[in-house]
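# Observations on the model geometry
Spelled out, the chains give:
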Amino acid sequence: MQTVFVTVGSTRFDELIESVTSSEATQVLKFRGYERLVLQVGKGSLLPDADSCAHLSVEAFRFKDSIAEDMKQADLVISHAGAGSCLEALGAGKPLLVVVNDKLMDNHQLELARQLHMDHHLLYCTCSTLTETLKNMDLSVLQPFPPGQPKNFANFLDKALGVK
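Residues numbered from 1 in each chain as written. Predicted model: local features only at pLDDT ≥ 70, side-chain atom pairs only at ≥ 80, totals over all residues. Heavy atoms only, no water.

So, about the overall build of the chain. The helix and strand inventory of the chain stands at seven helices and six strands. Listing the helices and strands of the chain from first to last along the sequence gives β-α-α-β-β-α-β-α-β-α-β-α-α. Taken against the 2.2 N^0.38 rule, which gives 15 Å for 164 residues, the C-alpha radius of gyration of the chain at 15 Å falls within 12% of a compact globule. Dimensions of the chain, computed from C-alpha atoms along their principal axes, come out at roughly 50 × 30 × 30 Å. Burial analysis of the chain (164 residues in total) assigns 47% to the buried set. By sequence separation, contacts in the chain at least 24 residues apart represent 58% of the contacts at least 6 residues apart. As displayed, the chain offers around 8400 Å² of accessible surface, 53% of which is attributable to carbon and sulfur atoms. Within the chain, the 20 negative side-chain charges are centred at a point lying 4 Å from the centre of the 15 positive side-chain charges. (Helix = DSSP H or I, 4+ residues; strand = E, 2+ residues; numbered from the N terminus. Rg over C-alpha atoms; globule rule 2.2 N^0.38 Å. Buried < 20%, exposed > 50% of the residue type's maximum accessible area, 1.4 Å probe, protein only. Contact = heavy atoms within 4.5 Å. Areas by Shrake-Rupley, 256 points an atom, 1.4 Å probe, with all protein chains shown as cover. Lys, Arg positive; Asp, Glu negative; His and termini not counted. Charge placed at Lys NZ, Arg CZ, Asp CG, Glu CD.)

What follows is the structure in structure tokens.
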């Protein structure tokens, strides 16, 4: 069963959960062959139930000790733009669509997503462009992120955030 795993990390990002469970977004996911939506909603106020989406089966939870198995089982990961979540999804070798929270002040997440996108490791959008991005995304353009090189990732973060 083609699965989409959505993670907001340890934060609250209700707008992402609302956007990805909207009728429009779930119709696009169904059209693209996805049948199952697994949502990690963190501290958010939304916890969709199993029958909340007409087009997909839904499972939702707040936190787990590890989301590694959810990532492993996913055919697509949709994530907030936190560095830890991005690195975990890229390390799992999964196609990654990052949704930047454009409501944040001093948005370093945008710089991170933009740099990883320019390097062809992920696609990114905002909640307002999520459905359109899902419609038009071409996952075949994505390239694997080099595994097991924490120093390289640290340097990459420095570059993306303008530290070096």
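Another point: the sheet that holds strand S4 (residues 76-80). Read from one edge to the other, the open sheet built from six strands follows the order S3-S2-S1-S4-S5-S6, with strand pairing classed as parallel. Edge strands, defined here as strands with exactly one partner in the open sheet, are strand S3 (57-61) and strand S6 (123-126). Pairs of neighbouring strands in the sheet enclose a mean axial angle of 20°, with direction left out of account. Here four bridges tie strand S1 (residues 3-7) to S4, and the two strands are oriented parallel to one another. Bridging across to S4, Phe-5 finds its partner in Val-77. (Pairing = 2+ DSSP bridges. Axes fitted to C-alpha atoms, helices over the stretch in contact; angles between N-to-C directions.)

Attention now goes to helix H5 (residues 108-118). Listed as buried for H5 are Gln-109, Leu-112, Ala-113, Gln-115 and Leu-116. Down the axis, H5 shows its buried residues gathered within 165° of arc, on one side only. Positive backbone phi, at 65°, marks His-120, one or two positions downstream of H5. (Arc of directions from axis to C-beta.)

A separate point is the pattern of salt bridges. Close approach of charged atoms lets side chains of opposite charge pair. Scanning the model with the defined rule gives six salt bridges in all. Between Asp-14 and Arg-12 there is a salt bridge; the shortest N-O distance is 3.6 Å. Asp-14 sits in the buried class, given a relative accessible area of 14%. For Lys-103, the salt bridge goes to Asp-102, with nearest N and O atoms at 3.6 Å. (Salt bridge = Lys/Arg side-chain N within 4 Å of Asp/Glu carboxyl O.)

This part covers unusual backbone geometry. Trans peptide bonds make up the majority, and among non-glycine residues the majority have a negative phi. One non-glycine residue, His-120, lies in the positive phi region at around 65°. Within the secondary structure, His-120 sits in the loop between H5 and S6. Note on His-120: relative accessible area 40%, which makes it partly exposed.

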